[in-house]
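Here are the chains, one letter per residue:
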Amino acid sequence: MKRFAFYLLTTVLCLASATAQDRWLLRADSIDRTQYYGVTSGNGMIGLVSSPEPLKLKEVVLAGLYDSYGPGRISGRISAFNLLDLRLLIGWEELSPANISHYTQCLNMRNGTLTGSFRFKDVATVHYTYYALRHLPHSVMLDVTVKALRKTAIVAENIVQTPAAYRDNRNYFNEVNPPHAYIPLLTTVAQTPSGKTTVVASNSFIFPEKKGEEPRVIHEMRHTDSHLMQFTRHLQKDEEYTFSLVGTLLSSMHTADPYNAAERMSVYTALQGREALIEAHNREWGKLWEGDIVVEGDKQVQQDVHNMLYHLYASVRKGTGYSLSPMGLTGQGYTGHVFWDTEMWMYPVLLVLHPDLAKELLEYRVNRLEEARQNAFLHGYDGAMFPWESAVTGVEKTPVSSLSGPYEHHITADVAWAAWQYYLVTKDKEWLREKGWPLLEQTARFWKSRVVYKEGRYEIKNVVCADEWAENVDNNAFTNAAARLNLEYATRAAQELGLPADTAWQYIASHLVFTKMKNGVTREHDSYKGQHIKQADVNLLAYPLKLITDSVQIKLDLEYYSQKVPDAGTPAMTQAVFALLYARLGDQKKAGYWFREAYEPYLLPPFRVMAETKGGTNPYFLTGAGGVLQAIIYGFAGWNVAVKGGVERIQSVCPAHWKKVEIKTPAFPVLKSDSF
């Protein structure tokens, strides 16, 4: 494969085509409440999930907020306070879908804002915007502008209701009155269903008037589980009035004193002022979009790619120590648990666009290495064995009814693979010594104790495959391949650091079992005889593992297994691997076909959000989005993490009608832009 040098941008020249979609704005000009799947305004800590109802949110997701309750016995992420719930009356009549018209919504992916606008009869127009403030991890804002078409009055009520199953809620209303400002504080404190965690929401209005001229805010308790603060404002014909609602969401999982911290942050946020908050928020999103993927020649693809990358950015941030679940902060899918989806599907995108964010995902695993060691000990193994499903503590959170928990062991090697990729890209030897090496060493020790010796070869028996329809089988191709790399990477890490390595690691790696069928295709596992597969398994040996490098073998495996994935019930990322590999093989037609198949059948209205399966209803599936974005970066654009470190360019092709694709990243300022 030919290598190319490149700078800040990577450009791939193709042929031309165009559609008329905006690259940054996702508009819903016709909202059907029965066919509505929302988008998220997220800042990596809080996700505000849109609703078809005006001035409402479907739910609010808080990263790191987990609880264990109910019949499932498993800790899962739970919904937080819907703290920006606003009830608006105009002319003393409450707004509803029945009495408004010209209702539209728009997600601005450039700055992560969700906007709605509508007309209320012949009385007023309303424009509102949600912000999960990017510069303030636990703060959010709702901006509302009402323009009176005739003389009228508005009544705005911020209602905070304690979520169902929460307990011991306490409602407070305070007024902070420094000489230069007026800050009403509506605060609710409650316990999660188990009683283990305190959750706090604290809100304040920001008014445009000077101190002493703002509307009077009153507090009401209408129910035991909810309370509100309210103001009234009279408007003249053609008068435009803008107010903001800011809120803070915290729990005792995030800070030791969430009640006082939440109120202090609400005061802090309110005193920043609306304009300063928006400016700082936009500036932080601008930094994120320094890592971008630009497609010329297909505007719809460009919009879809931004949609995928936006939701990935909206679900991760530095400084949290958290990882990514398959749905990120777009909902409660998979109860917010962390799987291999992070390391193998989402992480490689961030690794080249924003290595600092990729490092955050690794930090999550490093901080839970001791729990992984305890897990290995529990199962009778040495070293560290990472859980298939992980939440806060790092112990196994897979439901007992699922065999993935005790048997889907490739996750341990997936984590090790991600750690070594980070070192290859960054060459951060200090990180390797302090954090990467302990992880690689302990996972290698696990595989040494996990393998079984038989007739001069090593086997890994009784696993759940990456293809999860194959359970309790021996010598799964992906598991054996990932384990082999884990052992080799640990050996290389020791060499890099001048440390002694277990000589058995390399010997085991070179003697692990891999078999082929009579047709020459790599066998998925010992008992595989041509049955359907749930998702890519063998093909992952060509990418991302890169253990199979012979183009003839790659094509043979690809042609065979791409026909073994049924149309229904399979996750979205599989076809993206097919697209990537065909691009690297130079088959433009098949690469383009599988690229479309990788996401278009999974899109849901009105914002083209990606579901996990065709016909599924649990978006946004960031795992699938990660697969598609990898197909572009590591397939069409030809980027490749080099075996000896750094990023190189290899020969590849992109869809025939694209003019070019650019990978923009602040991570490689010393590389030269090139095209082919």
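Structure shown above.
Residues numbered from 1 in each chain as written. Predicted model: local features only at pLDDT ≥ 70, side-chain atom pairs only at ≥ 80, totals over all residues. Heavy atoms only, no water.

1. Some words on the packing of aromatic side chains
Then, in step 1: In the structure shown here, the tally under the stated rule is 37 aromatic pairs.
Then, in step 2: Their ring planes at 20° and their centres at 5.0 Å tell us that Tyr172 and Tyr259 sit as a pair that is stacked. Here Tyr172 is found in strand β15 (residues 167-176), whereas its partner Tyr259 is found in helix α1 (residues 258-272), with 87 residues between them in sequence.
Then, in step 3: Here the aromatic rings of Phe205 and Phe231 are separated by 5.0 Å at their centres, their planes lie at 85°, and the arrangement is edge-to-face. Taken together, the residues span a long stretch of sequence, with Phe205 in strand β17 (residues 198-206) and Phe231 in strand β19 (residues 226-235) at a distance of 26 residues.
Then, in step 4: Put simply, the rings of Tyr334, Phe339, Trp340, Trp345, Trp388 and Phe478 pair up and form one aromatic cluster.
Then, in step 5: Over the ring of Trp285 we find Arg134; its NZ or CZ atom is 5.3 Å from the centre of that ring. (Phe/Tyr/Trp six-rings, centres within 6.5 Å; stacked < 30°, edge-to-face > 60°. Helix = DSSP H or I, 4+ residues; strand = E, 2+ residues; numbered from the N terminus. Lys NZ or Arg CZ within 6 Å of the ring centre and 35° of its normal.)

2. Remarks on the packing of helix α3 (residues 299-313) against helix α15 (residues 622-636)
Then, in step 1: Between α3 and α15, the least distance of the axes is 9 Å, while the angle of their chain directions is 125°. As judged from the angle between their axes, α3 and α15 are oblique. For the pair α3 and α15, the crossing hand works out as left-handed. Judged by residue contacts, Val305, Met308, Leu309, His311 and Leu312 of α3 engage Leu622, Ala625, Val628, Leu629 and Ile632 from α15. (Axes fitted to C-alpha atoms, helices over the stretch in contact; angles between N-to-C directions. Parallel < 35°, antiparallel > 145°, perpendicular 65-115°, else oblique. Left-handed = near helix turned anticlockwise from the far one by under 90°. Contact = heavy atoms within 4.5 Å.)

3. Quick look at the sheet that holds strand β3 (residues 40-42)
Then, in step 1: With antiparallel pairing, the 3 strands of this open sheet are ordered in space as β3-β4-β5. Unpaired on one side and paired on the other, β3 and β5 (57-62) mark the two borders of the sheet. Taken pair by pair, the neighbouring strands of this sheet meet at an average axis angle of 15°, ignoring direction. (Pairing = 2+ DSSP bridges.)

4. Structural notes on the nonpolar core
Then, in step 1: Counting 208 residues, the largest nonpolar core has Ile90, Phe243, Leu249, Ile293, Trp340 and Phe595 as its most contacted members.
Then, in step 2: What Ile293 contacts, discounting residues up to four positions off in sequence, is Gln302, Val305, His306, Leu309, Leu353, Leu629, Ile632, Ile633, Val661, Glu662 and Ile663.
Then, in step 3: In terms of nonpolar packing, the next biggest core, distinct from the first, is built from 12 residues, Ile183, Val267, Ala270 and Leu277 among them. (Core = buried A, V, L, I, M, F, W, Y, C linked by side-chain atoms within 4.5 Å. Buried < 20%, exposed > 50% of the residue type's maximum accessible area, 1.4 Å probe, protein only.)

5. Digging into the side chain of Thr479
Then, in step 1: Within the fold, Thr479 resides in helix α10 (residues 477-497).
Then, in step 2: Relative accessible area serves as the criterion here: at 0%, Thr479 is assigned to the buried category.
Then, in step 3: In this structure the side chain of Thr479 is engaged in a polar contact, spanning 2.7 Å, whose partner is the side chain of Asn476.
Then, in step 4: If near-sequence neighbours (up to four positions away) are discounted, Thr479 is found in contact with His410, Trp447, Ile460, Val463 and Val464. (Polar contact = N/O pair within 3.5 Å; in protein donor to acceptor, adjacent residues only side chain to side chain.)

6. Describing helix α14 (residues 588-599)
Then, in step 1: With 12 residues, α14 extends 18 Å from end C-alpha to end C-alpha; this agrees with the ideal 16 Å at 1.5 Å per step.
Then, in step 2: Residues of α14 that are buried include every one of Ala591, Gly592, Trp594, Phe595, Ala598 and Tyr599, and no others.
Then, in step 3: Buried residues along α14 sit in contact with α3, α13 (574-585), β24 (603-604), β25 (609-610) and α15. (Expected span 1.5 Å × (residues − 1).)

7. Looking at the packing of helix α4 (residues 340-353) against helix α8 (residues 410-426)
Then, in step 1: For the pair α4 and α8, the least separation of the axes is 8 Å and the interaxial angle reads 15°. By the angle between their directions, the pair α4 and α8 is classed as roughly parallel. Note on packing geometry: the crossing formed by α4 with α8 is left-handed. Contacts between α4 and α8 pair Trp340, Glu343, Met344, Tyr347, Pro348 and Leu351 from the former with His410, Ile411, Asp414, Val415, Trp417, Ala418, Gln421, Tyr422 and Val425 from the latter.

8. Here we look at the environment of Val60
Then, in step 1: Assignment of secondary structure puts Val60 in strand β5.
Then, in step 2: C-alpha separation for the pair Val60 and Leu580, spaced 520 residues apart in sequence, amounts to 35 Å.
Then, in step 3: Ignoring any residue separated from it by four or fewer positions in sequence, one finds Val60 in contact with Ile46, Gly47, Leu48, Ser79, Ala80, Phe81, Asn82, Leu83 and Leu249.

9. Some remarks on α4
Then, in step 1: With 14 residues, α4 extends 20 Å between its outermost C-alpha atoms, agreeing within 8% with the 20 Å of an ideal straight helix rising 1.5 Å per residue.
Then, in step 2: Where α4 bends most, at Tyr347, the angle is about 55°, and the proline Pro348 comes one to four residues later.
Then, in step 3: Of all 14 residues in α4, 14 are buried; the element is thus mostly enclosed. (Bend = angle between axes of the 7 residues up to and from the residue.)

10. Comments concerning the pattern of salt bridges
Then, in step 1: Counting across every chain of the model gives 31 salt bridges.
Then, in step 2: Between Arg33 and Glu53 there is a salt bridge; the shortest N-O distance is 2.7 Å. Within this pair, whereas Arg33 is found in the loop between β2 (25-28) and β3, its partner Glu53 is found in the loop between β4 (46-50) and β5, the two being separated by 20 residues in sequence.
Then, in step 3: Residues joined by salt bridges that share partners form a network here, namely Arg87, Glu94, Glu157, Glu220 and Arg222. (Salt bridge = Lys/Arg side-chain N within 4 Å of Asp/Glu carboxyl O.)

That's the geometry; what it means functionally is another story.
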